[in-house]
Amino acid sequence: MTAPTRSFPGAGALRETGRLFALAIDVVVNIFKRPFQTREFIQQCWFIASVTILPTALVAIPFGAIVALQLGTLIVQLGAQSFTGAASVLAIIQQAAPLVTALLVAGAGGSAICADIGSRTIREEIDAMEVLGVSPVQRLIVPRVLAAMLVAVLLNGLVSVVGVMGGYFFNVVLQGGTPGAYLASFSALAQLPDLWISELKALIFGFIAGVVAAYRGLNPKGGPKGVGDAVNQSVVITFLLLFFVNFVLTAVYLQVVPAKGS
Amino acid sequence: MGAEVVVEGLTKSFGNQAIWRDVTLTLPPGEVSVMLGPSGTGKSVFLKSMIGLLKPDRGRCVINGVDIVTCSEAKLYEVRKLFGVLFQDGALFGSMNLYDNVAFPLREHTRKSEAEIKRIVLDKLELTGLQGAERKLPGEISGGMRKRAGLARALVLDPEIILCDEPDSGLDPVRTAYLSQLLIDLNAQIDATILIVTHNINLARTVPDNLGMLFRKELVMFGPREVLLTSDEPVVAQFLNGRRLGPIGMSEEKDAAQIAQEEAHAAAGHSDGSSEEDLRGVVPQLEPTPGLPERMAVRRRKDRVMQILHSLPPAAQQGIIESLTHDELLRYGLTAPRPRPAEVDDTQEIPAWPGGRP
Ligand SMILES: Nc1ncnc2c1ncn2[C@@H]1O[C@H](COP(=O)(O)OP(=O)(O)OP(=O)(O)O)[C@@H](O)[C@H]1O
Ligand SMILES: [Mg+2]
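The structure displayed is predicted, hence computed values, not measured ones.

Participant: Could you give an account of the UniProt feature "transmembrane region" (unreviewed entry) in chain A, naming the residues involved and the relevant values?
Facilitator: Under the present numbering, the feature "transmembrane region" (unreviewed entry) in UniProt falls on residues 45-68, 145-170, 195-215 and 235-256 of chain A. Helix makes up 100% of residues 235-256 of chain A and strand 0%, whereas the separation of the span's terminal C-alpha atoms amounts to 31 Å.

Set out below in structure tokens:
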């Protein structure tokens, strides 16, 4: 029995994917293991929030504005002007907010997590921890993943509010829409599940960002240079996964939850 | 008494780069063993395979009846609590100061009060000469200090098995001497099984009960210290004396042309940088500091070695017998040092002692 050197094209990618899933399952299992690392969790939440809140808010305002402007023009062309409010709110809450959140959690939070775990790995801290009989997944990864999820959900709320306000401002103040129509159409078309799916997406995106960052951090290739590459890859991989998962979730949601008023 | 570690047919490769093959050895319980080997022969990889951090391709590593190559994750974490491991670079937690680093295993695995923890931690830090540096972060101390702090952390749970990856690298000769004494004293006090990986010939000559050497992807030999110290094996002779002449080269192996060239240089009077004197031979072993209990391992090892004496090479036999006191000679039924046992054939192959209890 020698090392498995025989392989087929794509075997490496499959193996990596498998191990990523294994880590994800490991994280889920370890979430329920006591003692829960409350301190680490709070520290990580604080850290991730502190690196993401400001950029998220700054991105959210122009994003809300773009959506409002684009949809506003389009809807005027279609002659459904009174529905501008609903359309932009739905677009922001369901699509823009979770994605903006996830991109920032992955880009700012995930890269920091990956760099941190990666440098611990090459300093053999992770090995040392395992040898001391402490599971690094339970001790380090779980609090980080949970923190990424919590911060993603909270940020999602922030982006929704800021984005909707931005949209309202542009629609009412700059495009001459009426506040009444905006709000009326909002309650005519939007429904509570829209908000739930938005938060659910943010939660899942936070999980993915955290797990991918941790996975790449735990497996850097060859020294400090490897950590840099790992951070880079973790952000790219997360983005790819996020857009794919977003597509799936959106498709499922649109099938499962009937649109209001139809 | 420390746990016995039985390694059988362990083989490890990374991709298609074989690191070592079929390593079979037994760390006798409570004894101190040293593993030598040129840089890059996979000594660190061997230690990591022994504690399940790396997965060997095949073979077994049995500790207290648990094969850590195949056992479950939960079992593995259980077995690892027996270990104290000093990593090559100390592997301290960068975000904690030295005190918290050393206290970490106690806080994780025991229900001791903070006062008790403080007593133990300060005791271990003093043992390794780090008093006064408790509040420093690992980034703020020297490499040698990191090493010693790593050792303090490895010792804090009174482990049954202690693995040290190059405890002496980055330490000055005086500190290395203190460290050798520390390891022997520790063995006398807690009777732990100790495996030390090192390049330090002086430590290898004076500290261990058993010596082994890894070279060319294999375990060249492993057995009682006298066997390796008196060996005629060219690799061993070269390594012990730190010569350039011999099979070990700058990259692990040399080709015939280079060997011939070096021999020609040596014949022409060009020194190869080593001292003339031959460092082989059995030298007295380090004893615990006076006042400490006697090392139980010494007696156990003598009993064991005397049983397998006839299977050892003649030079080793002679070394062992010469190191016995008069009383011991009587106890083992020998009268006077025999000049050279004739009944054994002059075999070069040194078997690790058969598995099971020696
Ligand atoms: N994670 C790894 N992936 C691939 N190859 C590795 C890995 N770790 C070690 N190696 C290879 O294994 C070999 C042995 O490495 P190891 O660190 O065990 O050497 P060593 O005997 O401890 O040397 P030194 O005395 O210099 O510490 C080296 O050739 C190294 O390239
Ligand atoms: Mg090494």
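Participant: Talk me through the UniProt feature "domain: ABC transporter" (unreviewed entry) in chain B; I want residue IDs and the actual numbers.
Facilitator: According to UniProt, the "domain: ABC transporter" (unreviewed entry) feature falls on residues 5-241 of chain B. Within the segment residues 5-241 of chain B, helix and strand shares are 39% and 26% respectively, and the terminal C-alpha atoms sit 30 Å apart.

Participant: Describe the side chain of T101 of chain A, naming the residues involved and giving the relevant values.
Facilitator: Residues and elements named next belong to chain A. In this fold, T101 is placed in helix 3 (residues 84-122). Among the polar contacts made by the side chain of T101, one reaches the main-chain carbonyl oxygen of A97 at a distance of 2.5 Å. Dropping the residues within four chain positions of it, T101 is found in contact with A152, L155, N156 and V159.

Participant: Report on the pattern of salt bridges, specifying residues and quantitative values.
Facilitator: Enumeration according to the criterion identifies 21 salt bridges over all chains in this entry. Two residues, D158 of chain B and K124 of chain B, come together in a salt bridge whose shortest N-O distance is 4.0 Å. Taken together, the positions of D158 of chain B in the loop between helix 5 (143-155) and strand 7 (161-165) and K124 of chain B in helix 4 (residues 114-127) put the pair 34 residues apart, joining distant regions of the chain. A single salt-bridge network, built from bridges that share partners, covers E40, D116, R120, R123, E125 and R144 of chain A.

Participant: Just give me the short version of the interface of chain B and chain A, but keep the residues and values in it.
Facilitator: With 24 residues of chain B in contact, the opposing surface of chain A contributes 18 residues. Carbon and sulfur atoms supply 59% of the area buried between chain B and chain A, which totals about 1,900 Å² over both sides. Of all residues in chain B, Y77, F93 and F104 of chain B bury the most surface against chain A, accounting for 25% of the area lost on that side. At the junction of chain B with chain A, the criterion picks out four salt bridges. Among the ionic pairs, K48 of chain B bridges to E124 of chain A, the shortest N-O distance being 2.8 Å. The tally of links between chain B and chain A comes to five residue pairs in polar contact (both at pLDDT 80 or more). Taken together, the elements giving at least two residues each to the side of chain B that touches chain A come down to helix 2 (73-80) and helix 3 (98-109) of chain B.

Participant: Tell me about the coordination of the magnesium ion (ligand 2), residues and numbers included.
Facilitator: All names here are of chain B. Binding of the magnesium ion (ligand 2) to the protein goes through S44 (OG) and Q88 (OE1), at separations of 1.9 to 2.2 Å. In this pair, S44 is assigned in helix 1 (residues 43-50) and Q88 in the loop between strand 6 (83-86) and helix 3, connecting sequence segments 44 residues apart. Look at S44 and you get partly exposed, because its relative accessible area is 22%. Q88 sits in the partly exposed class, given a relative accessible area of 28%.

Participant: Run through the site of ligand 1, naming residues and quoting values.
Facilitator: Residues and elements named next belong to chain B. Contacts to ligand 1 come from 13 residues, most closely from S39, G40, K43, S44 and E166. Note that an oxygen atom of ligand 1 is positioned 2.4 Å from one of the side-chain N or O atoms of S39. Contacts to ligand 1 include V45, whose backbone N or O atom sits 2.9 Å from an oxygen atom. For ligand 1, the accessible surface in isolation is 640 Å², of which the surrounding protein chains cover 61%. Broken down by secondary-structure element, the contributors of at least two residues to the shell around ligand 1 are strand 2 (17-27) and helix 1. By residue number, the principal contributor to the shell around ligand 1 is helix 1, which donates three residues. Tallied by class, the residues present in the shell around ligand 1 amount to three nonpolar, eight polar and two charged.

Participant: Let's hear about the domain arrangement of chain B: which residues, and what values?
Facilitator: All names here are of chain B. Here chain B is partitioned into domain 1 (5-227) and domain 2 (242-267). Look at where the C-alpha atoms of domain 1 and domain 2 centre, and you get two points 32 Å apart. The junction of domain 1 with domain 2 conceals about 490 Å² of combined surface from both sides, 58% of it contributed by carbon and sulfur atoms. When the buried area of domain 1 at its contact with domain 2 is split by residue, P38, F215 and R216 rank highest and sum to 71% of it. At the junction of domain 1 and domain 2, the tally comes to zero salt bridges. In the side of domain 1 that touches domain 2, the residues fall into three nonpolar, two polar and two charged.

Thresholds applied
Residues numbered from 1 in each chain as written. Chains lettered and ligands numbered in written order. Predicted model: local features only at pLDDT ≥ 70, side-chain atom pairs only at ≥ 80, totals over all residues. Heavy atoms only, no water. UniProt positions renumbered as here; feature names shortened; annotations may be inferred. Helix = DSSP H or I, 4+ residues; strand = E, 2+ residues; numbered from the N terminus. Polar contact = N/O pair within 3.5 Å; in protein donor to acceptor, adjacent residues only side chain to side chain. Contact = heavy atoms within 4.5 Å. Salt bridge = Lys/Arg side-chain N within 4 Å of Asp/Glu carboxyl O. Buried area = accessible area lost by both parts, 1.4 Å probe. Donors = N, O, S within 2.8 Å, 3.2 Å for Na, K, Ca; no water. Buried < 20%, exposed > 50% of the residue type's maximum accessible area, 1.4 Å probe, protein only. Near = heavy atom within 4 Å. Areas by Shrake-Rupley, 256 points an atom, 1.4 Å probe, with all protein chains shown as cover. Nonpolar A, V, L, I, M, F, W, Y, C, P; charged D, E, K, R; others polar. Domains from an automatic or database assignment.

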